Amino acid sequence: MEKYNMSINQITTIFFDVDGIFTDGSLYILENGVKMTKFNVHDGMGCILLKEMGIDLLILTARHSDAIIERFKDLGITKIFTKVLKKRDFIKEYSKTHNLKKKELAMMGDDLQDLAAIDEVDVFFTTPNALDIVKDSATYITKSKGGYGAVREICDLIISSKGSNPCLEFERYIGKR
């Protein structure tokens, strides 16, 4: 992890996939057609703490779901982009428009549309349940699986790389409330 610490502490913007990252990759469809998505609350708190530190979080997903939009709005994340299959193009254009350098960018993904964007970011995170080709190319593979705290693991890693810790950031967060 030491060799990644230098890159990780430069991150100002992180792009997150949803399915397989914030979720276990399963889609729940009930008999009546209702679709359900399960999220991990620890991942949510990690995102809140990263936002409090000034890290810009963007959600990029190929699928549209009202549940996804609602979940991330609840966390205070407003940059939610659904139906984005060409993530490489999106990140390239976003970083150009916002004058971001590659060393400031990270992504967390688990599938081919995420892997296609790897050259646009300096650090690429993935999970143990990602496709093998994605794991083989990633900068960092979490210990936790997607939907089971993988996002929180990355959030805590970024917070620590910037000389803080999750407990301190949480105290700052509740102190503002």
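Whatever comes next refers back to the structure up there.
The rules we used
- Each chain has its residues counted from 1, following the order in which its sequence is written.
- Side-chain atom pairs in this predicted model are given and counted only at pLDDT of 80 or more, local residue features only at pLDDT of at least 70, and totals for whole chains, interfaces and linings cover all residues.
- As a rule here, side-chain values come from all non-hydrogen atoms in the structure, and water together with hydrogens is ignored.
- Angles shown run from 0 to 180 degrees and are taken between the N-to-C directions of axes, each axis being a line fitted to C-alpha atoms and, for helices, limited to the stretch in contact.
- Comment: elements are numbered from the N terminus, with helices defined as DSSP H or I runs of at least four residues and strands as E runs of at least two.
- Every angle not falling under 35 degrees, over 145, or within 65 to 115 is termed oblique; those three ranges are roughly parallel, roughly antiparallel and roughly perpendicular.
- Contact between two residues is taken to exist if any of their heavy atoms lie within 4.5 Å; hydrogens are not considered.
- Asp, Glu, Lys and Arg are counted as charged, while Ala, Val, Leu, Ile, Met, Phe, Trp, Tyr, Cys and Pro are counted as nonpolar; the rest, among them Gly, fall into the polar class.
- Think of it in three bands: with a 1.4 Å probe and only protein chains considered, a residue is buried below 20% of the maximum accessible area for its type, exposed above 50%, and partly exposed in between.
- Within this scheme, the nonpolar core is defined by two criteria: the residues are buried Ala, Val, Leu, Ile, Met, Phe, Trp, Tyr or Cys, and they are joined through side-chain atoms within 4.5 Å.
- The way it works is a 1 Å grid over only the protein atoms, where trapped points that fit a 1.4 Å probe form a cavity and open points with protein on both sides within 12 Å along at least five of seven lines form a pocket, and then any residue with an atom within 4 Å of a point lines it.
- Grid points are joined across faces, edges and corners, and a volume is the space filled by probe spheres set on the points.
- Centres within 6.5 Å are what make two rings of Phe, Tyr or Trp a pair, Trp counting through its six-membered ring; a difference in plane orientation under 30 degrees is then read as stacked, over 60 as edge-to-face, and the rest as tilted.
- Should DSSP find at least two bridges between two strands, the strands are taken to pair.

Trainee: Help me understand the packing of helix H2 (residues 41–52) against helix H8 (residues 166–175) in this model?
Mentor: Helix-helix packing is characterised by the crossing angle of the two axes and by the distance between the axes. Direction vectors running N to C along H2 and H8 enclose 75°, while the axes themselves pass 10 Å from each other. Judged by the angle between their axes, H2 and H8 are roughly perpendicular. Facing Met45, Ile48, Leu49 and Glu52 of H2, the residues of H8 in contact are Pro166, Glu169, Phe170 and Tyr173. Of the residues contributing to the contact of H2 with H8, the split by class is six nonpolar, no polar and two charged.

Trainee: For this particular structure, what's the right way to read the side chain of serine 95?
Mentor: Note on placement: serine 95 falls in helix H4 (residues 87–97). When its relative accessible area of 9% is taken as the criterion, serine 95 is described as buried.

Trainee: Explain the nonpolar core to me, please; I cannot follow it from the model alone.
Mentor: Generally speaking, soluble globular proteins have nonpolar side chains that are buried together. In terms of nonpolar packing, the biggest core is built from 33 residues, with Ile14, Phe16, Phe22, Phe72 and Phe125 touching the most fellow members. At the level of secondary structure, the elements contributing two or more residues to this core comprise strand S1 (13–16), H2, strand S4 (56–60), helix H3 (66–74), strand S6 (105–108), strand S7 (123–126) and helix H7 (150–161). In terms of residue count, H7 provides more of this core than any other element does, seven residues in total. Counting 18 residues, the second largest nonpolar core, distinct from the first, contains Ile91, Leu115, Ile118 and Ala130.

Trainee: Any chance you could explain the layout of surface pockets here in plain terms?
Mentor: Gaps between atoms show up when a probe of the same size as a water molecule is rolled over them. Of the pockets and cavities examined, the largest pocket occupies roughly 150 Å³. Lining the largest pocket, in full, are Asp17, Asp19, Gly20, Asp24, Gly25, Thr61, Ala62, Arg63, Asp110, Asp111, Gln113 and Asn129. Of the residues assigned to the lining of the largest pocket, the class counts are one nonpolar, five polar and six charged.

Trainee: Even after reading the chapter, I still don't get the packing of aromatic side chains, so can you show me in this structure?
Mentor: For any two aromatic rings, the description comes down to two numbers: the centre-to-centre distance and the angle of the planes. The final tally for this structure, using the stated rule, is eight aromatic pairs. For the pair phenylalanine 39 and phenylalanine 72, a centre-to-centre distance of 5.8 Å together with 80° between the ring planes defines the contact as edge-to-face. Highlighted residues: phenylalanine 39 in the loop between strand S3 (35–36) and H2 and phenylalanine 72 in helix H3, separated in sequence by 33 residues. Phenylalanine 72 matches phenylalanine 39 in its accessibility class, with the two residues each being buried. Taking the centre distance of 6.1 Å and the plane angle of 10° together, the rings of phenylalanine 90 and tyrosine 94 count as stacked. Of this pair, phenylalanine 90 and tyrosine 94 both sit in helix H4, four residues apart, which is roughly one turn of that helix. In this structure an aromatic cluster arises from ring pairing among Phe15, Phe81, Phe90 and Tyr94.

Trainee: How do you make sense of the sheet that holds S7 when you look at a structure like this?
Mentor: In any sheet, the strands associate via hydrogen bonds between backbone groups, in a parallel or an antiparallel arrangement. Strand order in the open sheet formed by six strands is S5-S4-S1-S6-S7-S8, with parallel pairing between adjacent strands. Across the chains shown, the open sheet's two edge strands, defined by having one partner strand only, are strand S5 (80–81) and strand S8 (140–141). Pairing between S1 and S4: four bridges, direction parallel. Bridge assignment links phenylalanine 16 to a residue of S4, and that residue is isoleucine 59.

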